[in-house]
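Analysis of the macromolecular model
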Amino acid sequence: MTKGSGITLDRVSRNFDSRGRRVEALREVSLACPPGSLTALIGPSGCGKSTILRLCLGLDTPSSGSLALNGLSPADATRAGMTGVAFQDAALLPWRSVQANVALPLDVLGHSVSAHASKIAELLDLVGLKGFEKSLPGELSGGMRQRVAIARALVTAPEVLFLDEPFGALDQILRRQMNIELQRIWMETGATTLLVTHGIDEAVFLADRIIVMASRPGRIAKIIDVDLPRPRDRSMFGDPRFHALEREIAEALDGH
Amino acid sequence: MATDRMPGWVRGLLYTLALLVLWEGVGQLRLVAGGALPPPTAIALRLFADWADYPNHILATIQGASIGFVIGNAIALAAGVLFVLFPVTSRVARGLNVAIYALPPIAISPILVLTLSGMAPRVVLAAIGCYFVTMTATVVGLSQTDARAVDVVKAYGGSKWAVLRLVQWRSALPSILSGLRIAAPNAVLGAILAEFGGGGRWGLGVYLLGSLGRGEPDRLWGIGLMATAIAAFAYLAFAVAANAITGTTQAVTVPSSVAKAADRDRPVWQNATIAAASVALPFGVWMLLIWALGVPAMLAKSPAGLFEYLFLMPNSPVAQERLLAALAQTLPMTLIGMVAGLAMALGLALASQIYPAIVRAFMPIALVTQTMPLVALTPLLVLMLGRGYSLILWVTISVTFFPAFVTMAQGLILVPRAALEVPRAYGAGILTQLRLVSLPASLPYLFAATRLTVPRALLGVMIAEWLATGTGLGNLLNQSRGYLDYGMIWTVAVVSVLISVAFYQIVVVVEHRVLDRLGMASTN
């Protein structure tokens, strides 16, 4: 079970100034993701959902307000190896083999790769890539590359996991399959997870809680709790409660 | 056609063979300037007869070129990394980089021979020939790294050093290798140019200069081809290495702009300070080098010493007059040669849009001439064209035309097919298509080619003047060398660098204006 206090954002704003014009990517966003929960951020382009993720990872700093991951600042949390991240495109290094790509965070953090060899093998097994350890990313399909990115996100045994449209580049069929696998993996690790997504069904299927965002300025429009039982399986996509939630989110996105 | 089904290298071989046969025929019949173009067999026989002379000359040139290659590229790599990690340094060093890019090597070769000894002048010119290309390739390679991969490393708290070590350097490797590939023949050219400046008994440049007055076309051709072969071999060695690593053949593109590392916005006063530092730095380096080498003030002029020579001495008016007279001869030729070379290159590049076969036929020749040291070419042109103004013009056109053509033709290949087909879908003829799509699309490459040819044109004119016509800046430099007129040697060197930099900056400014208005991005 995860310790700590999860992800908290306290009145976070982020402005971008260009050519004398101010764009409010985020205005006064407050959010608390409890430890071990899976929270989905959904919203139109430019609503600041990716900005939240970049702020959480210390890739960007807020104009005002504060963030904490298990009580630590993003910079301290990432340097402590507490976080894991998978981006929309797999962002694998083409010259590294699958297992070397999974080991990249260890290299960054200065942890021994050989000490984690069995952990890496285990993760590749978990994401269904056993036998592809030595392959190069160029030899894999899109779905397989994305699974390498998921394995890489998990290699540090993160307490906090960030997923930025991890399956955005995949087709609908493959995406559903990956969603089911992701749920299984997430339930095994128990990491506090923040998922940025464009897919309404993906959000409903995976999340405990869905944050619907609106743009200009980027802000939270509505928070919807998902109390569907876990583990959710394929039949869940046809459940009436599932559809009701989908409709509720679609309406919130339309501004209702 | 049957040739369409042949692999590229077979077709290339056929072209080469056809060219050799044609050359042999023309040479045997003494069709060009009474035998100035000897047949390949005569050149080969002469090469064989002279063979005892070659090894020492070749070794000396290769030695100077390789030491310079190693030193120049080591500095270039370090500078490239510095510029990317700390972008402000790239802006401060901009003036120095442009000066190094634009300086005609021949102009500083006498100075190097004056202030340094032994192999050092060759090493320095070879290193200078490598620096800009490799530095630019390093900056471009490091900056064009996949941003997402960089984010992954930063998301784990990785520093810029971790990003450099884990992502950037490896992803920059193909770019760096293609830089080294162009730097290699540059190093050979630099070494040979320094050998022209005097000093040393061995070296292909020394051999070429010594054979120039003897009117033996077959020997000159032998030396010229040998120099070309060495340069081409150096190029090929790195091309093979690059292919082994990247697995793809990349087109030859010669960097012609100072790659800028991304920098944040700064207040006006900071920008002004950086700009001032950038202008001052080349002069600072100049004075520092003189001081560090401990050369007597009579030999090594500082900026102040040069000012004194040109304006305060009794002889100053005479010096000014000679300088201005030389400029009046050199500048028009440079401009005319450059414009003619660029116009021919643009015409051929546009024509190649209509007849792609042109690129296939011309590109191999264009690539070979890129690696051909133009010093080796000039004496051959002297033999064929005599020592008049037409020689200067042809040398200048030949050094500007091919690189400009390569740049523009390769740029135009990048124009999307669909963009060309839209006008055609509405029934546009070839000329309308050229006017509406190809010509505007080629503008960024035309500018890139112009930036590229500025220093080459001046270099070409000066080499022709030095070796053949006895006019202009090139001749003034050569004469001053003979008279030990150190002030004038320095003056010509500095003035030619300044002219080159000024030309370059004018092109950059015009380019920005025009491309901004058209909403196009500059290449590089």
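Residues numbered from 1 in each chain as written. Chains lettered and ligands numbered in written order. Predicted model: local features only at pLDDT ≥ 70, side-chain atom pairs only at ≥ 80, totals over all residues. Heavy atoms only, no water.

**With respect to the overall build of chain A**
As a reminder, the rule being used: Secondary structure elements follow DSSP: runs of H or I of four or more residues count as helices, runs of E of two or more count as strands, with numbering from the N terminus. Three exposure classes are used, based on accessible area relative to the maximum for each residue type with a 1.4 Å probe and protein chains only: buried under 20%, partly exposed in between, and exposed over 50%. Any two residues whose heavy atoms approach within 4.5 Å are treated as being in contact. Areas reported as accessible are Shrake-Rupley estimates using a 1.4 Å probe. Residue values count occlusion only from the protein chains shown. Charge counting treats Lys and Arg as positive and Asp and Glu as negative, with His and both chain ends excluded. Charge positions come from single atoms, namely NZ of Lys, CZ of Arg, CG of Asp or CD of Glu.
Within chain A, the secondary structure is distributed over nine helices and nine strands. The principal-axis extent of the C-alpha atoms belonging to chain A is close to 50 × 45 × 35 Å. Counting only residues that meet the buried cut, chain A has 53% of its 256 residues in that class. Sequence-distant contacts, at least 24 apart, represent 70% of the contacts inside chain A between residues at least 6 apart. For chain A, the computed accessible surface area is about 11,000 Å², with 50% contributed by carbon and sulfur atoms. Charge-centre separation for chain A: the mean point of 29 positive side chains lies 4 Å from the mean point of 29 negative side chains.

**Regarding the confidence of the model for chain B**
In low-pLDDT regions, the fine details of the predicted coordinates are not to be read closely. Residues and elements named next belong to chain B. How we decide: Per-residue confidence from the predictor is reported as pLDDT, which spans 0 to 100.
Confidence in the prediction for chain B averages 81 pLDDT; 89% of positions are at 70 or higher. Mean pLDDT across the elements of chain B ranges from a minimum in helix α15 (residues 357-371), with 67, to a maximum in helix α3 (residues 54-85), with 93. Across the assembled chains, the prediction reports ipTM 0.77 with pTM 0.77.

**Let's talk about the interface of chain A and chain B**
How big an interface is tends to be stated in terms of the accessible area lost upon association of its parts. To keep things clear, this is the line we draw: Two parts placed together each lose some accessible area under a 1.4 Å probe, and the buried area is that loss summed for both. Salt bridges are defined as contacts in which a side-chain nitrogen from Lys or Arg sits within 4 Å of a carboxyl oxygen from Asp or Glu. Counted as a polar contact is a pair of N or O atoms within 3.5 Å, where, for protein atoms, one must be capable of donating a hydrogen and the other of accepting one, and residues adjacent in sequence contribute only when both atoms are in side chains. When residues are sorted by character, Ala, Val, Leu, Ile, Met, Phe, Trp, Tyr, Cys and Pro go into the nonpolar class, Asp, Glu, Lys and Arg into the charged class, and all the rest, Gly among them, into the polar class.
Between chain A and chain B, the contact holds 24 residues from the first and 16 residues from the second. Around 1,700 Å² of area is buried between chain A and chain B when both sides are counted, 66% of it from carbon and sulfur atoms. Three residues stand out in chain A for area buried against chain B, namely F87(A), W95(A) and V108(A), and they jointly supply 32% of the buried area on that side. Our count for the chain A to chain B interface comes out at two salt bridges. Where R54(A) meets D151(B), a salt bridge forms, and the shortest distance between an N and an O atom there is 2.8 Å. On the surface where chain A and chain B come into contact, there are two residue pairs in polar contact (both at pLDDT 80 or more). Ranked by the residues each element gives to the side of chain A that touches chain B, the list is headed by helix α4 (residues 104-109) of chain A, at five residues. Looking at the side of chain A that touches chain B, its residues break down into 12 nonpolar, five polar and seven charged.

**What to know about the pattern of salt bridges**
Going through the model one piece at a time under the given rule, you end up with 19 salt bridges over all chains. One salt bridge in this structure joins D239(A) and R241(A), with 3.3 Å as the shortest N-O distance. Take R241(A): its relative accessible area is 45%, and that puts it in the partly exposed class. Connected via shared salt-bridge partners are R46(B), D50(B), D218(B) and R219(B).

**A word on the packing of helix α14 (residues 316-354) of chain B against helix α20 (residues 472-483) of chain B**
In a packed pair of helices, the relevant descriptors are the angle between the two axes and the axis-to-axis distance. Residues and elements named next belong to chain B. Rules: Working convention: axes come from line fits to C-alpha atoms, limited for helices to the stretch in contact. Angles between N-to-C directions cover 0 to 180 degrees. Any angle from 65 to 115 degrees is called roughly perpendicular, while one under 35 is roughly parallel, one over 145 is roughly antiparallel, and all others are oblique.
Following both chains from N to C, one finds α14 and α20 inclined at 140°, their axes separated by 6 Å at the closest point. Between α14 and α20, the crossing angle belongs to the class labelled oblique. Each of R322, L323, A326, L327, Q329 and T330 in α14 lies in contact with α20, whose residues at this interface are G472, L473, L476, Q479 and S480. Grouping the constituent residues of the contact of α14 with α20 by class yields five nonpolar, five polar and one charged.

**Comments concerning the sheet that holds strand β4 (residues 64-69) of chain A**
Residues and elements named next belong to chain A. Applied cut-off: Any two strands are treated as partners once DSSP identifies two or more bridges connecting them.
Judged by pairing direction, the sheet is antiparallel, and its three strands sit side by side in the order β2-β1-β4 without closing on themselves. What marks the edges here is a single partner per strand, and that holds for β2 (21-33) and β4. Neighbour to neighbour, the strand axes of the sheet diverge by 25° on average, direction disregarded. In the sheet, strand β1 (residues 7-18) pairs with β2 via nine bridges, with the strands oriented antiparallel. Counted as the bridge partner of N15 is E24 from β2. Of the strands in this sheet, β1, β2 and β4 touch helix α1 (residues 49-56), which is tilted by about 110° from β1.

**Notes on the side chain of T334(B)**
All names here are of chain B. For T334, the location among the structural elements is in helix α14. A distance of 2.8 Å separates a polar side-chain atom of T334 from the backbone oxygen of T330. Beyond its immediate sequence surroundings of up to four residues, T334 is in contact with T396, A457, L458 and V461.

**A few points about unusual backbone geometry**
Negative phi is the rule for most residues except glycine; trans is the rule for most peptide bonds. Residue and element names in this part refer to chain A. In this chain, R216 is followed by P217 through a cis amide linkage whose omega measures -10°. Here P217 shows up in the loop between β8 (209-214) and β9 (219-225). One non-glycine residue, E28, adopts positive backbone phi at about 50°. Along the chain, the position of R216 falls in the loop between β8 and β9.

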